[in-house]
Amino acid sequence: MTLYPPQVKNIEYQIESLVDKTRRYLLTTLGRTLEEATDQEFYHAFSLALRETIMINWQAAAHTFLKNDVRMLYYISLEHLPGKILSQTITGLQKEELLQKVMMRMKRAYNTILECERDPGLGNGGLGRLASCFLESLATLQYPAQAYGLRYHYGIFEQQLWDGEQVEIPDCWLISENPWQFRRDLRRVSVKFGGHAKAKANVYEEPSYDLENFDEVWVLPYDVPIVGFQTKNPFSVLTLRLWSTKESPRNFHLQRFNAGRLDEAAENTTLTDVLYPSDHHETGKRIRLKQEFLLVSASLQDIIRHYLFTHDNFKAFPDKVRIQINDTHPSLVIPELIRLLTHKYDISWQKACEIAESCTSYTNHTILQEALEEWDTKLMQTQLPRQYEIIERLNANFCTSIRKTYPNDEAKVRRLSIIQDGKVRMAKLAILGSHTINGVAQLHTKILKEDLFREFYDLFPDKFSSITNGITQRRFLLQCNPLLSSWITKRIGDGWITDLSQISKLNAFTHDAADLETFLAIKRRCKENLIDFIQENCKLRDQKGVIVSPPPVIYPDSLFDVQIKRIHEYKRQLMHILHLIMLYQEMKTNPNHERIPRTAIFAGKAAAQYETAKAIIRLIASVAHKVNHDEDVSGHLRILFIENYSVTKAERIIPAAELSEQISTAGMEASGTGNMKLALNGALTIGTEDGANIEMRRAIGDANWPFRFGCTADELAKASYSPQNIAKEHPNIALALETLKNRTFARNDEEHFLFCDLYNRLTQNFDRYHTLLDLPSYYEAQKKVDALYQDPMKWASCAIHNVACMGMFSSDRAIQHYSKDIWRIQPCPIDKDILDHIQNAYGH
Ligand code: 26Q
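Residues numbered from 1 in each chain as written. Predicted model: local features only at pLDDT ≥ 70, side-chain atom pairs only at ≥ 80, totals over all residues. Heavy atoms only, no water.

A. Looking closely at the environment of aspartate 812. Within the secondary structure, aspartate 812 is located in helix 33 (residues 811-823). A polar side-chain atom of aspartate 812 sits 3.4 Å from a polar atom in the side chain of glutamine 473. (Helix = DSSP H or I, 4+ residues; strand = E, 2+ residues; numbered from the N terminus. Polar contact = N/O pair within 3.5 Å; in protein donor to acceptor, adjacent residues only side chain to side chain.)

B. Main features of the packing of helix 2 (residues 39-68) against helix 34 (residues 832-842). Packing of helix 2 against helix 34 leaves a shortest axis separation of 9 Å and a crossing angle of 140°. Here helix 2 is positioned oblique relative to helix 34, judged by the angle of their axes. The interaxial crossing formed by helix 2 with helix 34 has right-handed handedness. Where helix 2 approaches helix 34, its residues Ile56, Asn57, Gln59, Ala60, His63, Thr64 and Lys67 are matched on the opposing element by Ile834, Leu835, Ile838, Gln839 and Tyr842. The residue inventory of the contact of helix 2 with helix 34, partitioned by class, reads 6 nonpolar, 5 polar and 1 charged. (Axes fitted to C-alpha atoms, helices over the stretch in contact; angles between N-to-C directions. Parallel < 35°, antiparallel > 145°, perpendicular 65-115°, else oblique. Left-handed = near helix turned anticlockwise from the far one by under 90°. Contact = heavy atoms within 4.5 Å. Nonpolar A, V, L, I, M, F, W, Y, C, P; charged D, E, K, R; others polar.)

C. Structural view of the site of the ligand. Around the ligand sit 22 residues, and of these His280, His365, Asn469, Glu669 and Gly672 come closest. Leucine 127 is positioned with one of its backbone polar atoms (N or O) 3.1 Å from an oxygen atom of the ligand. In isolation the ligand has 620 Å² of accessible area, and contact with the protein removes 98% of it. A per-element tally of the shell around the ligand places helix 6 (residues 126-140) first, with 3 residues. Counted by class, the shell around the ligand contains 5 nonpolar, 11 polar and 6 charged residues. (Near = heavy atom within 4 Å. Areas by Shrake-Rupley, 256 points an atom, 1.4 Å probe, with all protein chains shown as cover.)

D. Seen up close, the nonpolar core. In terms of nonpolar packing, the biggest core is built from 147 residues, with Phe317 and Met380 touching the most fellow members. With 12 residues, the single largest contributor to this core is helix 2. Look past the residues within four positions of phenylalanine 317 in its chain and what remains in contact with it is Ile303, Ile304, Tyr307, Leu337, Ile355 and Cys359. (Core = buried A, V, L, I, M, F, W, Y, C linked by side-chain atoms within 4.5 Å. Buried < 20%, exposed > 50% of the residue type's maximum accessible area, 1.4 Å probe, protein only.)

E. Layout of helix 4 (residues 96-105). The complete set of buried residues in helix 4 reads Leu98, Leu99, Val102 and Met103. Mapping the buried residues of helix 4 onto a view down its axis gives an arc of 135°, with all of them on the same face. Residues of helix 4 that are exposed and point more than 90 degrees away from the buried face comprise Glu97 and Met104. Directly beyond the C-terminal end of helix 4, a positive phi value near 60° is found at lysine 107. (Arc of directions from axis to C-beta.)

F. Seen up close, the sheet that holds strand 13 (residues 374-376). Taking strand neighbours across the sheet as the criterion, the 3 strands line up as 13-15-14 in an open arrangement whose pairing is antiparallel. One side of each edge strand has no neighbouring strand; the edge strands of this open sheet are strand 13 and strand 14 (419-420). (Pairing = 2+ DSSP bridges.)

G. How the structure looks around the pattern of salt bridges. Counting across every chain of the model gives 71 salt bridges. Across the salt bridge formed by aspartate 279 and arginine 566, the nearest N and O atoms sit 3.2 Å from each other. Linking aspartate 279 in the loop between helix 8 (262-266) and helix 9 (286-308) with arginine 566 in the loop between strand 20 (559-564) and helix 22 (573-589), this pair joins segments that are 287 residues apart in sequence. For aspartate 279, a relative accessible area of 10% puts it in the buried group. Of the charged contacts in the structure, one is a salt bridge between arginine 708 and glutamate 689, with a shortest N-O distance of 3.7 Å. Separated by 19 residues along the polypeptide, arginine 708 in strand 25 (residues 707-708) and glutamate 689 in the loop between strand 24 (684-687) and helix 26 (693-700) bring together distant segments of the chain. Judged by its relative accessible area of 37%, arginine 708 falls in the partly exposed class. A network of salt bridges, in which partner residues are shared, links Asp163, Glu165, Arg618, Arg747, Glu750 and Glu751. (Salt bridge = Lys/Arg side-chain N within 4 Å of Asp/Glu carboxyl O.)

H. Broad picture of unusual backbone geometry. Unlike most non-glycine residues, lysine 107 shows phi in positive territory, near 60°. Residue classification places lysine 107 among the exposed positions, given a relative accessible area of 73%. If you check the backbone angles, aspartate 421 has positive phi at about 50° while not being a glycine. Looking at the element boundaries, aspartate 421 is found in the loop between strand 14 and strand 15 (423-425). The exposed category is assigned to aspartate 421, whose relative accessible area is 69%.

I. Representation of the environment of tryptophan 243 within the structure. With respect to the secondary-structure elements, tryptophan 243 resides in strand 10 (residues 237-244). Taking the C-alpha atoms as reference points, tryptophan 243 and tryptophan 218, 25 residues apart in sequence, are found 9.9 Å from one another.

Here it is as structure tokens:
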């Protein structure tokens, strides 16, 4: 028998215990021995073993919230992008080293096992990822909270590029059993659609409605544990509750099926099947409306059930419940809560409206007109007759009050009305029905107040507030960039992990040559890691999707120039590729050029229906094809489009980035969060004065923000813009534009047609995105990039300075701000007695 000192013994015990549990789960749950188990099976058994560690804290957190009868926050979002749950759990528990040892002992490769989990792709982009950063921060800061979402069977599609064309493949993330979700049969609820609203009076003689001949849908929740980072207190675990209609046999309409109406028969079983894969575009589809209401109704029933667990009337409800709606998508919370209170719980209309307003707050994430939700009144009347009646009544009262304040101004009433031209305007409903509406960056909030919702701001100035977005440094530095993280911790200690403001201490390390060299060496290692990943995973496909060739050779000495985000005209991937075309032409015409070697990396999905965005991908791929095969520029220019951008891909790409492209048309990017992730990992930003870029620049200081360019939002509003003149004044721009028409890159007629269309869009006077207007200053800013890159020590110093100034861009800061000013909730650490009790009864 070996004798260990106590600490080693403890670690040794933990390792052995996990080895033992994993073996047991393999045998008892998967019916396999360790030797024959596949990596996937091993991943599953291992996750089940690790899961045991968090169950006690999960229960203890829930019991603590109940016992203390605290005010709870409920975060409702149609989208969530948590990334891999196993890796987040390991980071939270700080057990990475230990678990590596476990796997070594069991002869499995740590990274391979982590890769076995599929990302839950339950969102489109920024809005969904923000929800997940927020939930992680809420857990780490030990707030009493819970999030709600939908358990889409098919998350955001898997993107493949078939010879440059985006092809959407279904994302079956549930194909192998998922060990990180708990089906909660006891928490099943029913949601009603359609039918007839039959008026009756409530106890106050106010209108209330019974529903007849409705369609009833049963909804079942699955809980996903979100583990907070372990601090001096026991770590907290919050719940992400995802609703599904799939597993309830009664949702299937057998009679309709028997009558040959197959689609209608399966409509309710398939309600939560698919995430709408569009961002910044309102689709107005019936199933989407049903999804939104399903989430709202099920979550509200759950919230009320939880409240009634410790209360027998609604007096304390507005004190104990806070509901945050992530954009307008869940804004039916307002009429549905009013309905439940007045109809089911005998509360007066006036009181119910007050309660709904006290409980609800709304975050706006976009000012793009085409993304603002509106629903056809007919559709809403048919699907949600009672909720529609309530919206009408709310609106009638609202219009009356406007008329009182502004007599004889019917035009104003029309502009403010929630129902307008046969549509229900959801943003107006959300503003009217909640106590606070917030924008996600200062400029964004200013635009909401002064432009988009100006007249609402005039009426309710106190409702508007601004909370700049943030990101979790635990996933987007500690976990994804271990090399940089451990250097930072060596230099300034590990306080930054839970208090990012401490990262400012890094400012002391922006001068010493040895530090700068270490930083450069780390970046270099991260770039090599990404190159390895690309060589392994980014092979090119032919027109039929068959993998036919390796990716191009990438040089680690080149500048890694990165644009990773959804493909959208306002984000201006087109401007980026035009600049690369200009560089290419420069290198071709002047073999003695002095431009630095560059590797441009794009990643991002285009909405399936958004043809222009798909054409932009096609153009990037065609330019990449030509450039990467041209011997004349090999070693100087490489262009890559990495397929299927996801949280996991972001974690691979971000540590290697040196230049962060944040080049949206000023005023159009509400905040951006990729900008923060890239800067935190030591990339310098080339960016417009838009969204959170502005606040990042201010925090970092102009001297260390050298690549600012482009018009401001105010300048754009006044600019008279002639793309033709810009082309005339800048021959290199004209030449680059010509390539879109003269088949330089088009490899067939279809591409020729698509690129000509892009040309036309760019050269129209009314190009909303002002791409060519900013291109000359973008080009000049890129020259500054070249110049600075030639002085690596200066570049490194600037980059470390950027990292050091990112303190305020943590989602912890954002969550503390929401908690203090909007939700007024307090941290609620796990009660030690409750924890002990559960531990004694169930722990080992
Ligand atoms: C609406 C109706 C029907 C179907 C889809 C939609 C829909 C879905 C997603 C509309 C918009 C979205 C997504 C918006 C979004 O991601 N906005 C981003 O939010 C981030 C977090 O606040 C910001 O950082 C980004 O600037 C903003 O673009």
